[in-house]
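# Summary of structural features
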Amino acid sequence: MIELSQDEFEDLVGEALDTIPPELTAHMRNVVIVVEDEAPERGLLGLYQGVPLTERGDWYAGVLPDHISIYRKEILEICDTPDDVVEEVRITVVHEIAHHFGIDDRRLHELGY
C-alpha cells in the first residue's frame, strides 16, 4: 500500500479537479467535495450523495449541498505506485462529478470510468 498524508492526497484531488474543463465546473452548483479516510464499505473509492443536475427542478431550493466523498485509504490500498494513485484519484473524481451531472454507473463504465 502506498502511503500519502491527508494533505498530499488532498493535493492530488485538487489537481484532478483542475483537469475538469471550466465549461463543466461552471455548471457545478451546490456541491462540496471532501477527502475522507474511511469508506462506509470496503472497496468504495468515492461516493456521490445528492440530487443530480438533471433531476433538479423548480422545487430545488434551500437544499443542503450535494456531497462527493473521495476515500483516501481505499484508493491507497489498491494502488502499487504513486502514479497509480494519481490516476485512480483522477478517475474517481471524474466518476463522482459525472454523477453530479446525472451520468449513471452503466454509462460511466462504458466510457472507462
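Heads up: the structure comes first, above all this text.
A brief structural summary. (Residues numbered from 1 in each chain as written. Predicted model: local features only at pLDDT ≥ 70, side-chain atom pairs only at ≥ 80, totals over all residues. Heavy atoms only, no water.)

### Topic: helix 1 (residues 6–18)
- The first and last C-alpha atoms of helix 1 sit 18 Å apart over 13 residues, in line with the 18 Å expected at 1.5 Å per residue.
- Along helix 1, the residues that are buried comprise Phe-9, Leu-12, Val-13 and Ala-16. Take helix 1 and look down its axis: the buried residues cluster within an arc of 100 degrees, on one side only. Exposed and facing more than 90 degrees away from the buried side of helix 1 are Asp-7, Asp-11 and Asp-18.
- Contact partners of the buried residues in helix 1: strand 1 (31–36), strand 3 (66–71), helix 3 (72–78) and helix 4 (82–100). (Helix = DSSP H or I, 4+ residues; strand = E, 2+ residues; numbered from the N terminus. Expected span 1.5 Å × (residues − 1). Buried < 20%, exposed > 50% of the residue type's maximum accessible area, 1.4 Å probe, protein only. Arc of directions from axis to C-beta. Contact = heavy atoms within 4.5 Å.)

### Some words on the layout of surface pockets
- What the largest pocket holds in volume is close to 200 Å³.
- A per-element tally of the lining of the largest pocket places helix 4 first, with 4 residues.
- Residues belonging to the lining of the largest pocket are distributed by class as follows: 10 nonpolar, 1 polar and 1 charged.
- Taken as a whole, the second largest pocket holds about 160 Å³ of empty space.
- Considering the residues around the second largest pocket, the lining is formed by 13 residues, among which Leu-45, Gly-46, His-95, Glu-96 and Tyr-113 are closest to the centre.
- The set of elements that each furnish at least two residues to the lining of the second largest pocket consists of helix 4 and helix 5 (105–110).
- It is helix 4 that provides the largest number of residues to the lining of the second largest pocket, a total of 6 residues. (1 Å grid on protein atoms, 1.4 Å probe; cavity = no way out; pocket = protein on both sides within 12 Å on 5 of 7 lines; lining within 4 Å. Points joined across faces, edges and corners; volume = space filled by probe spheres on them. Nonpolar A, V, L, I, M, F, W, Y, C, P; charged D, E, K, R; others polar.)

### A few points about unusual backbone geometry
- Of note in the backbone geometry, Asn-30 takes a positive phi value of approximately 55 degrees without being a glycine.
- With respect to the helices, strands and loops of the structure, Asn-30 is situated in the loop between helix 2 (22–25) and strand 1.

### Observations regarding the environment of Glu-36
- Along the chain, Glu-36 falls in strand 1.
- Under the relative-accessibility criterion, Glu-36 is labelled partly exposed at 29%.
- A sequence separation of 60 residues divides Glu-36 from Glu-96, and the C-alpha atoms of the two residues are 14 Å apart.
- Glu-36 has contacts with His-67, Ser-69, Ile-70, Tyr-71 and Arg-72, leaving out every residue within four places of it along the chain.

### Some remarks on the side chain of His-100
- One can find His-100 in helix 4.
- For His-100, the contacting residues outside a window of four places in its chain are His-27, Met-28, Arg-29, Val-31, Tyr-48, Pro-52, Leu-53, Arg-56 and Asp-66.

### As for the pairing of strand 3
- Along strand 3, 5 of the 6 residues are buried, which leaves the element largely enclosed by surrounding structure.
- Bridge count between strand 1 and strand 3: 6 bridges; the pairing is parallel. Opposite Val-31, over in strand 3, you have Asp-66 as the bridge partner.
- Taken together, the 4 bridges between strand 2 (residues 46–49) and strand 3 define a ladder with antiparallel strand orientation. By the bridge assignment, Gly-46 is partnered in strand 3 with Ile-70. (Pairing = 2+ DSSP bridges.)

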